[in-house]
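# Understanding the architecture of this molecule
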Amino acid sequence: MSNETGILHVVATPIGNLGDLSPRAVATLGAVDLIAAEDTRHSRRLLDHAGIDTPMVSLHEHNERERCASLVARLAAGESIALISDAGTPLVSDPGFRLVREARTAGIEVRAVPGPSAALAALSIAGLPSDRFAFEGFLPAKDGARRTRLDGLADEIRTLIFFVTPRRLAAELQAAAEVFGAERKAFIARELTKNFESGYSGTLSELLDQCHSDASMQKGEMVLVVGGAEPKPDAGETDQLLRILLDEVPLKTAVSLAMQISGLPRNILYRRAVELQQQIQPKGEN
Ligand code: SAM
């Protein structure tokens, strides 16, 4: 990479609490030649708070396509640019993807200055499995499209994370309860890092009831985290795996190995292994 090209820094900013603006974010935003911001007026408040007077240009969903070329040209000419969105991590349901893609295509170095993101902040406090998760952004606003999206996620075993628009919370909880089942565990993180931060845990139907009885739950910014579906073993594949293992090793070891290979829960595999073992004729028997 040429030393003469600039660097594109993708900088995360607070999702409510200005104290979450990291020292490295402040240093980067103060040092670059230009800040590309989703909404320059909104970000001016943050920059003023941090004593930063770097020039800004807007980069939002309506102008990203045409603005990319000039920003990449400036990077190629040696200027350094920081990309920020209104809150949190750029590109996460926010503009910036095209700019990063085109900068990379042009051989520009792109660096992350990581920090707040509402999706991960919500997951980190949800008390739902966090080793594997799927971020689903906003659900479609229209009932039919929302239903189709949820139907496609009904068997997803990973924890699901959705951004929610407050006025759609009740409809989305209702639809999620219908598709995933009323008893599916979920969590709503509201107003994270702000004065009225609150978290609501329960089943989807409990959260829906609470949403109907507590109007404050439908105000502010929020993230919905939904526990994954119970894994459904693929009977054919699981049986084949267990049969091979049971042929070679004792039942307990077979179950442990099958667990590591398939990711299915021990109790499901154990039950099936016992059934299969009863069917398998011991070696040497006629
Ligand atoms: N890029 C941002 C990020 O990394 O957090 C998200 C931008 S997206 C346009 C805005 C959505 O993020 C909101 O509608 C809400 O679902 C969620 N969100 C942002 N700030 C939040 C907060 N303080 N508390 C809860 N949810 C928040």
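Note that the structure is predicted; figures quoted are calculated from it, not measured.

Basis of the calculations
Residues numbered from 1 in each chain as written. Predicted model: local features only at pLDDT ≥ 70, side-chain atom pairs only at ≥ 80, totals over all residues. Heavy atoms only, no water. Helix = DSSP H or I, 4+ residues; strand = E, 2+ residues; numbered from the N terminus. Expected span 1.5 Å × (residues − 1). Buried < 20%, exposed > 50% of the residue type's maximum accessible area, 1.4 Å probe, protein only. Arc of directions from axis to C-beta. Contact = heavy atoms within 4.5 Å. Pairing = 2+ DSSP bridges. Axes fitted to C-alpha atoms, helices over the stretch in contact; angles between N-to-C directions. Phe/Tyr/Trp six-rings, centres within 6.5 Å; stacked < 30°, edge-to-face > 60°. Domains from an automatic or database assignment. Parallel < 35°, antiparallel > 145°, perpendicular 65-115°, else oblique. Left-handed = near helix turned anticlockwise from the far one by under 90°. Salt bridge = Lys/Arg side-chain N within 4 Å of Asp/Glu carboxyl O. Near = heavy atom within 4 Å. Polar contact = N/O pair within 3.5 Å; in protein donor to acceptor, adjacent residues only side chain to side chain. Areas by Shrake-Rupley, 256 points an atom, 1.4 Å probe, with all protein chains shown as cover. Nonpolar A, V, L, I, M, F, W, Y, C, P; charged D, E, K, R; others polar.

On to helix H11 (residues 266–279), then. Taking 1.5 Å per residue, 14 residues should reach 20 Å; H11 reaches 20 Å between its end C-alpha atoms and fits that length. Those residues of H11 lying buried are Leu269, Ala273 and Leu276. An end-on view of H11 places all buried positions within 70° of arc, on one side of the element. Exposed and oriented more than 90 degrees from the buried face of H11 are Arg271 and Gln278. Residues of H11 that are buried in the fold lie against helix H9 (235–248) and helix H10 (251–262).

This part takes up the sheet that holds strand E5 (residues 109–113). The sheet built from five strands is open, its strands ordered E3-E2-E4-E1-E5 with parallel pairing. In this open sheet, the two strands that pair with only one neighbour each are strand E3 (56–58) and E5. Strand-to-strand twist of the sheet, defined as the mean angle between neighbouring strand axes without regard to direction, takes the value 25°. Taken together, the three bridges between strand E2 (residues 34–37) and E3 define a ladder with parallel strand orientation. Across the sheet, residue Ile35 finds its bridge partner in E3, namely Met56.

A word on the packing of aromatic side chains. On inspection of all chains with the given rule, the structure shows two aromatic pairs. Where Phe135 meets Phe163, the ring centres are 5.0 Å apart and the plane angle is 70°; that geometry is what we call edge-to-face. With a gap of 28 residues between them, Phe135 in strand E6 (residues 133–138) and Phe163 in strand E7 (residues 159–164) connect regions that are remote in the sequence. Among the aromatic residues, those joined into a cluster by ring pairs are Phe135, Phe138 and Phe163.

It is worth spelling out the domain arrangement of the chain at this point. By the assigned domains, the chain splits into domain 1 (2–116), domain 2 (119–226) and domain 3 (235–279). One C-alpha centre belongs to domain 2, the other to domain 3, and the line joining them spans 35 Å.

The next subject is the packing of helix H6 (residues 143–153) against helix H7 (residues 169–180). For the pair H6 and H7, interaxial distance at closest approach is 10 Å and the crossing angle is 40°. Accordingly, the angle class assigned to the pair H6 and H7 is oblique. Handedness of the H6/H7 crossing: right-handed. Taken together, the residues of H7 that come into contact with H6 (itself represented by Arg146, Arg147, Leu150, Asp151 and Leu153) are Ala171, Glu172, Ala175, Ala176, Glu178, Val179 and Phe180.

Pairing is possible between side chains that carry opposite charge, provided their charged atoms lie close to one another. Scanning the entire structure with this criterion turns up 13 salt bridges. In this structure, the salt-bridge partner of Arg147 is Asp151, at a minimum N-O distance of 3.9 Å. Of the two residues, Arg147 and Asp151 are both situated in helix H6; the distance of four residues between them amounts to about one turn of the helix. A relative accessible area of 34% means that Arg147 is categorised as partly exposed. For Glu191, the salt bridge goes to Lys194, with nearest N and O atoms at 3.2 Å. Residues joined by salt bridges that share partners form a network here, namely Arg147, Asp151 and Glu178.

What follows is about the site of the ligand. In the vicinity of the ligand lie 19 residues, with Val92, Asp94, Ala118, Leu192 and Met222 positioned nearest. Note that a nitrogen atom of the ligand is positioned 2.8 Å from one of the backbone N or O atoms of Val92. A distance of 2.8 Å separates a nitrogen atom of the ligand from a polar atom in the backbone of Leu192. Protein chains shield 90% of the accessible area of the ligand, which is 570 Å² for the free molecule. Looking at the shell around the ligand, the elements with two or more residues in it are E7 and strand E10 (222–226). Residue composition of the shell around the ligand, grouped by class: 11 nonpolar, four polar and four charged.

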